[in-house]
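Understanding the architecture of this molecule
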Amino acid sequence: MLAWEVTRPGPIETGPIEAVTREIPEPGPEEVLVRVRACGVCRTDLHVAEGDLVPHLPRVTPGHEIVGEVVRQGHRFAPGDRVGVAWLRHTCGMCAYCRRGAENLCPSSLYTGWDADGGYAEYAVAPEAYVYALPGDRPDIEVAPLLCAGIIGYRALRRSALPPGGSLGIWGFGGSAHLAVQIALAEGARVHVFTRAKAARELALRLGADTAQDSFDPTPEPLDSAIIFAPAGELVPAALRRLDRGGTLAIAGIHLTDVPVLDYQADLFQERQLCSVTSNTRADGEEFLRLAGRLGLKVAVTPYALDRADQALADLAGDRVNGAAVLVPGLDDPSAPPRSTPTTG
């Protein structure tokens, strides 16, 4: 099968990932083999490729927004079932965090595309206890971004403590943000988007945001809540200073550049709060997927053939992706050389 590996982590322009031919993986106990039908391209994949997150597995295959079809079943799924494989891959189930329902904080947690091979490939294996059933007829390419961008955006929104009918500021407007904003709007919030990309500002307005401005522009009103999706620490003081008294800022990324020194009076006083978002629980994922189906969230996608995963990451790094990039095995691409179709043997 075709798969991509992180061979030498570094800036994306140095070619840190490489397309290789591998044997189709064999599922272990309590795992399922999945034929990948679509895999979203997440900024976390870029962090792994560039070495911001040091790969935990040498030559790891990135990708953790996988929509696929079960090839070999375990106990929960039958061959042909459509399933989703997401970021959270394993927790111990025994630690204090797992016992209290905070499995996302488990010290023994493992992650798809970081600790184990992910979905930048034609096949993947995953522990079936962490695989989501995906009913419905929404196209695979639209479902893939829901499996991380959507779930993490949803958790970030809840962590931001947005009050009913409140005002929300969003910094960065990619895969996660464009889904979170739709939930906030559906719940009656006023939403103000701050991003340097003109196309992203236009998308925000089409989705219903009240305003869309450049990253450091003033907000039209004090914010009750804010979320930073961009991995830029310099945005933290800017967002905090736009919060109203008692407001909360949630930082949604797994990686953030250094945060400048904060001024207590200007940035934090009057009970402004700053919190992080660490992965998600399976309950978060199940709750969000139900909500996404009920609300009919619009998913803006840019498809790429699997052969062009390196280009998709480069476009993501350069803010050239509007919405979410999604890799599709078998997608016609005139620039890609022909290759044979693997079988499961």
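Residues numbered from 1 in each chain as written. Predicted model: local features only at pLDDT ≥ 70, side-chain atom pairs only at ≥ 80, totals over all residues. Heavy atoms only, no water.

Here is the rule we go by: UniProt positions are given in the numbering used here, feature names are shortened, and annotations may be inferred rather than shown by experiment.
As recorded in an unreviewed UniProt entry, the protein goes by the name alcohol dehydrogenase, listed as coming from Actinoallomurus oryzae. In its Cofactor (unreviewed entry) section, the UniProt entry covering the protein states "Zn(2+)". Listed under Sequence similarities (unreviewed entry) in UniProt, the entry text for the protein is "Belongs to the zinc-containing alcohol dehydrogenase family."

1. Here's the deal with the sheet that holds strand β14 (residues 243-251)
This is how the line gets drawn: Two strands make a pair as long as DSSP finds a minimum of two bridges between them. Numbering of helices and strands runs from the N terminus, with a helix taken as a DSSP run of H or I at least four residues long and a strand as a DSSP run of E at least two residues long. With axes taken as lines fitted to C-alpha atoms, and helix axes fitted only over the stretch in contact, angles between N-to-C directions fall between 0 and 180 degrees. A contact between two residues is defined here by any heavy atoms of the two lying within 4.5 Å.
Here we have six strands laid out as an open sheet, ordered β12-β11-β10-β13-β14-β15, and parallel in their pairing. Each having just a single partner strand, β12 (211-213) and β15 (273-276) make up the two edges of the open sheet. The average angle at which neighbouring strand axes cross in this sheet is 15 degrees, direction not considered. Of the strands in this sheet, β10 (167-171), β13 (223-228), β14 and β15 touch helix α4 (residues 149-159), which is tilted by about 155 degrees from β14.

2. Quick look at the UniProt feature "domain: Enoyl reductase (ER)" (unreviewed entry) in the protein
Per the UniProt record, "domain: Enoyl reductase (ER)" (unreviewed entry) is annotated on residues 10-327. From the first C-alpha to the last, residues 10-327 spans 21 Å; its make-up is 26% helix and 25% strand.

3. With respect to the packing of aromatic side chains
Heads up, the condition is: By convention, a stacked pair of Phe, Tyr or Trp rings (six-membered ring in the case of Trp) has centres within 6.5 Å and planes under 30 degrees apart, an edge-to-face pair has planes over 60 apart, and any other such pair is tilted. Only protein chains enter the area calculation, which uses a 1.4 Å probe; residues under 20% of their type maximum are buried, those over 50% are exposed, and those in between are partly exposed.
Summed over the entire model, instances satisfying the criterion amount to six aromatic pairs. Arranged with centres 4.8 Å apart and planes meeting at 25 degrees, the rings of W87 and Y111 form a pair that is stacked. One end of the pair, W87, is in the loop between β5 (82-85) and β6 (88-90); the other, Y111, is in strand β7 (residues 110-111), with 24 residues separating them in the sequence. By relative accessible area, Y111 is classed as buried at 8%. Plain terms: the ring middles of Y111 and W114 are 6.1 Å apart, the flat faces sit at 35 degrees to each other, and that makes the pair tilted. Among the aromatic residues, those joined into a cluster by ring pairs are W87, Y111 and W114.

4. Concerning the nonpolar core
Our working definition: By nonpolar core we mean a set of buried residues, namely Ala, Val, Leu, Ile, Met, Phe, Trp, Tyr and Cys, connected to one another through side-chain atoms within 4.5 Å.
Formed by 49 residues in total, the largest nonpolar core has its most connected members in L168, I170, F173, V191, V193, F229 and F288. Those elements giving two or more residues to this core turn out to be α4, β10, α5 (175-186), β11 (190-194), α6 (198-206), α9 (282-295) and β17 (324-328). A per-element tally of this core places α5 first, with six residues. The contact partners of F288, leaving out residues within four places of it in the chain, are L146, G150, I151, Y154, I183 and L297. W4, L88, Y130 and V321 belong to the second-largest nonpolar core, a separate cluster that totals 38 residues.

5. Observations concerning the pattern of salt bridges
For clarity, the cut-off: Salt bridges are defined by distance alone: a side-chain nitrogen of Lys or Arg within 4 Å of a carboxyl oxygen of Asp or Glu.
In this structure the tally under the stated criterion is 19 salt bridges. A salt bridge links D284 to R155, with the shortest nitrogen-to-oxygen separation between them at 2.6 Å. Linking D284 in helix α9 with R155 in helix α4, this pair joins segments that are 129 residues apart in sequence. As far as burial versus exposure is concerned, D284 and R155 are alike and both buried. As a salt-bridge pair, R241 and D267 come within 2.4 Å of each other at their nearest N and O atoms. With R241 in helix α7 (residues 235-241) and D267 in helix α8 (residues 264-268), this residue pair connects regions lying 26 residues apart in the sequence.

6. Notes on α5
Our working definition: A helix is expected to reach a length of 1.5 Å times the quantity of its residues less one.
Its 12 residues place the ends of α5 18 Å apart at the C-alpha level, agreeing with the 16 Å of an ideal helix rising 1.5 Å per residue. The buried count for α5 comes to 10 of 12 residues, which makes it a mostly enclosed element. If you check which residues of α5 are buried, you get G175, S176, A177, H178, L179, A180, V181, Q182, I183 and A184. Against α4, β10, β11, α6, α9 and β17 lie the buried residues of α5. In the stretch just after α5, G188 is the one whose phi turns positive, near 95 degrees.

7. A look at α6
Structurally, the α-helix is built with 3.6 residues per turn, so residues lying three or four positions apart point the same way. Selection rule: In this description, one arc is meant: the one made by directions from the helix axis to the C-beta atoms.
Residues of α6 that are buried include every one of A200, L203 and A204, and no others. End-on view of α6: buried residues confined to an arc of 100 degrees, all on one side of the axis. α6 presents K198 and R206 as exposed residues on the side facing more than 90 degrees away from its buried surface. On the buried face of α6, the contacting elements are α5, β11 and β12. Just downstream of α6 lies G208, where phi reads positive at about 115 degrees.

8. Points about the confidence of the model for the protein
Which entries qualify depends on this criterion: Confidence of the predictor in every single residue is expressed as pLDDT, which spans 0 to 100.
Mean pLDDT over the protein works out to 93, with 96% of the residues at or above the 70 mark. Counted against residues more than four places away or in other chains, residues 334-345, with its pLDDT under 50, gives 15 contacts.

9. What to know about the packing of helix α1 (residues 43-50) against helix α10 (residues 309-317)
To keep it simple, the criterion reads: These descriptions rest on fixed angle ranges, namely under 35 degrees for roughly parallel, over 145 for roughly antiparallel, 65 to 115 for roughly perpendicular, and the rest for oblique. Under the scheme applied here, ten amino acids are nonpolar (Ala, Val, Leu, Ile, Met, Phe, Trp, Tyr, Cys and Pro), four are charged (Asp, Glu, Lys and Arg), and all others, including Gly, are polar.
Running from N to C, α1 and α10 cross one another at 105 degrees; their axes reach a closest spacing of 10 Å. Taken together, the axes of α1 and α10 lie roughly perpendicular to each other. Contacts between α1 and α10 involve R43, D45, L46 and A49 from the first element and L313, L316 and A317 from the second. Split by residue class, the contact of α1 with α10 holds five nonpolar, no polar and two charged.

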